[in-house]
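Listed here are the chains, written in short residue letters.
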Amino acid sequence: MAGVRLPLVRSPKPMRATPLGLGLGSTSNMFIVTSVTRSFNVQAQAGPARLSRIVTAHGELETPAFMPCATAGTVKAVPQDILEELGAEIILGNTYHLYLRPGQQLIRDLGGLHQFMSWGRAILTDSGGFQVFSLSGLRKVTEEGVHFRSHLDGTSHLFTPERSTEIQIALGGDIIMAFDECTEHPADRSRTRESMEMTLSWARRSKHYFDNHQNEVPWFTSGGRRSGQTQMQFGIVQGGMYRDLRRESAQRTVELDFAGYAIGGLSVGEPRAQRLEMIATVLEMLPPDKPRYVMGVGYPDEITQYAAMGVDLMDCVLPTRAARHGLLFTSEGRVNIKNIRFAQDSAPLDPKCGCKVCSRYSRAYLRHLFVSSEPLAGVLNSIHNLSFYLDTMRSVRHAIGLGDLSGALSGKASLA
Ligand SMILES: [Zn+2]
């Protein structure tokens, strides 16, 4: 596959939302909130793939974009200044984790998640639904919402669409998600329909709450001035592995008129071909003038493929989680850094990668750190993997701008 990867366009843009002291309150940790009107613009297309801009209150981002996961208000092992250097324009925070610890009220009192974690660029928060289903014990789902026990201390909690939206407004992410039920896999048709109806009902309630409370976001007034922009709320399409239910879910979610649409309920154990089929089915139903987000995917070649199909946003814990286990993604495929064959290897991890890890350290050193359980191993491995993912998306955007994605697609084909 050597030679087919597109040249990297390495030009991290300056932050649009800049730390600034306005003489009101804290002067060390305030961010300009930009005032804009149109929040999504498609700028170029290559087949169904789109090169677009999403304009948020904390800066613009180019899509297709991969969002690093800042689960508990931190992209594990990677400081915010390095995320900026890597060119991350948006990160994802998890409502479930931040609600349980340190709590949304504390974050709101400290100015919202941007100020709390000192991140001036865009943030998306999920609804908490997926973690409630995957992490918490003893949950009970009713029409009202989900009763669950914290995975931290066993205490009882209730998430409803209204509560999830209220928490997400308090956290103050630029993009927030409607509360949904992630349908388990496998699920039969009647169970999937019932779950889909629940998600639609919850989407309606999430939107209703948001419409009435969106001005309560912590940064709605900034430095005493109204920013004129609030959060964007996305709806989530479910429908399990049934094409007709996916279509129906998409159509009825779009009728609710969200600012963007996500495809949820994937990466739950289904074969990859089926995942692809469900994404393609839903994409046909989504309006072209709104952002599209596939949740919880995937490998580098997968995110390239979905971007080529017209997906704008993706997120996954894979690059950072794999990094902490010594699994690294490179232009030559996957590398398991603990392998003995790297013990005396003085070459960089990926000779084609320009990241600060590959330009400084050898495979032998990275292997030594990993097998010695040094904390720096997780830091360096995570920086490289994130750099690889963000560069992959940068190459895809560059290719869409040129109107030809064939090189980017063939360049990633061998990396699964
Ligand atoms: Zn690298």
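Scope of this entry: the structure provided in the associated data block. Given the structure is predicted, the values throughout are model-derived calculations rather than measurements.

Of regular secondary structure, the chain possesses 14 helices and 19 strands. Burial statistics for the chain: of 416 residues in total, 56% are counted as buried. Once local pairs closer than 6 in sequence are excluded, the contacts in the chain between residues at least 24 apart make up 68%. Total accessible area on the chain is roughly 16300 Å²; 52% of this is exposed by carbon and sulfur atoms.

The next point concerns the packing of aromatic side chains. In total, this model carries ten aromatic pairs according to the counting rule given. Residues Tyr-99 and Phe-159 carry aromatic rings whose centres are separated by 5.0 Å and whose planes lie at 65° to one another, so their mutual orientation is edge-to-face. Here the residue Tyr-99 occupies a position in helix H2 (residues 95–100), and Phe-159 occupies one in strand S10 (residues 156–159), the gap between them amounting to 60 residues. Of the two residues, Tyr-99 and Phe-159, neither departs from the other in class, the shared state being buried. Relative to Phe-179, the ring of Phe-159 has its centre 6.2 Å away and its plane inclined at 85°; by these criteria the two rings are edge-to-face. With Phe-159 in strand S10 and Phe-179 in the loop between strand S11 (175–177) and helix H7 (189–213), this residue pair connects regions lying 20 residues apart in the sequence.

Those protein atoms acting as donors to the zinc ion are Cys-353 (SG), Cys-355 (SG), Cys-358 (SG) and His-384 (ND1), and they sit at 2.1 to 2.3 Å. Every donor counted, the four donor atoms about the zinc ion form angles of 97 to 118° at the centre, which fits tetrahedral coordination. In the primary structure, the donors to the zinc ion are separated according to the pattern C-x1-C-x2-C-x25-H. In this pair, Cys-358 sits in the loop between strand S19 (333–336) and helix H12 (363–371) while His-384 sits in helix H13 (residues 375–402), placing the two residues 26 residues apart along the sequence.

A contiguous nonpolar surface patch, about 260 Å² in accessible area, is contributed by Leu-106, Leu-110 and Phe-116. For Leu-110, a relative accessible area of 47% gives the class partly exposed.

The next thing to look at is the pattern of salt bridges. Inspection of every chain in the model, using the stated rule, returns 23 salt bridges. As a salt-bridge pair, Arg-397 and Glu-62 come within 3.5 Å of each other at their nearest N and O atoms. Taken as a pair, Arg-397 in helix H13 and Glu-62 in strand S3 (residues 59–63) lie far apart in primary sequence, 335 residues in all. The buried category is assigned to Arg-397, whose relative accessible area is 12%. Measuring nitrogen to oxygen at the nearest pair gives 2.8 Å for the salt bridge that ties Glu-184 to Arg-191. Residue classification places Glu-184 among the partly exposed positions, given a relative accessible area of 40%.

Another point: the state of the cysteines. The full count for this structure, using the stated rule, is zero disulfides. Residue Cys-316 stays outside any disulfide, its sulfur separated by 6.7 Å from that of Cys-69, the closest cysteine. The buried category is assigned to Cys-316, whose relative accessible area is 12%.

With that settled, the discussion passes to the environment of Gly-173. Take Gly-173: it is sitting in the loop between helix H6 (161–171) and S11. Each C-alpha atom, one on Gly-173 and one on Val-217, is 8.6 Å from the other, the two residues being 44 residues apart in sequence. In contact with Gly-173, not counting residues within four places along its chain, are His-114, Ile-123, Thr-125, Gln-168, Trp-219 and Gln-231.

So, on to the sheet that holds strand S4 (residues 65–67). One open sheet accounts for nine strands, arranged S4-S17-S16-S15-S14-S11-S7-S6-S5; its pairing is parallel. Since the sheet does not close on itself, it has two edges, and those belong to S4 and strand S5 (69–70), each with one partner. Direction of pairing for strand S6 (residues 90–93) relative to strand S7 (residues 122–125): parallel, over a ladder of four bridges. In the sheet register, Gly-93 faces S7, and the bridge partner there is Thr-125. Relative to the sheet, helix H8 (residues 243–255) contacts strand S14 (232–237) and strand S15 (260–263), its axis offset from that of S14 by approximately 155°.

Parameters at a glance
Residues numbered from 1 in each chain as written. Predicted model: local features only at pLDDT ≥ 70, side-chain atom pairs only at ≥ 80, totals over all residues. Heavy atoms only, no water. Helix = DSSP H or I, 4+ residues; strand = E, 2+ residues; numbered from the N terminus. Buried < 20%, exposed > 50% of the residue type's maximum accessible area, 1.4 Å probe, protein only. Contact = heavy atoms within 4.5 Å. Areas by Shrake-Rupley, 256 points an atom, 1.4 Å probe, with all protein chains shown as cover. Phe/Tyr/Trp six-rings, centres within 6.5 Å; stacked < 30°, edge-to-face > 60°. Donors = N, O, S within 2.8 Å, 3.2 Å for Na, K, Ca; no water. Tetrahedral: all angles 85-135°; square planar, octahedral: opposite > 155°, others 65-115°. Patch = residues over 30% accessible without salt bridge, like charges linked within 9 Å, V, L, I, M, F, W, Y side chains within 5 Å. Salt bridge = Lys/Arg side-chain N within 4 Å of Asp/Glu carboxyl O. Disulfide = S-S within 2.5 Å. Pairing = 2+ DSSP bridges. Axes fitted to C-alpha atoms, helices over the stretch in contact; angles between N-to-C directions.

Honestly, it's all geometry; don't read function into it.
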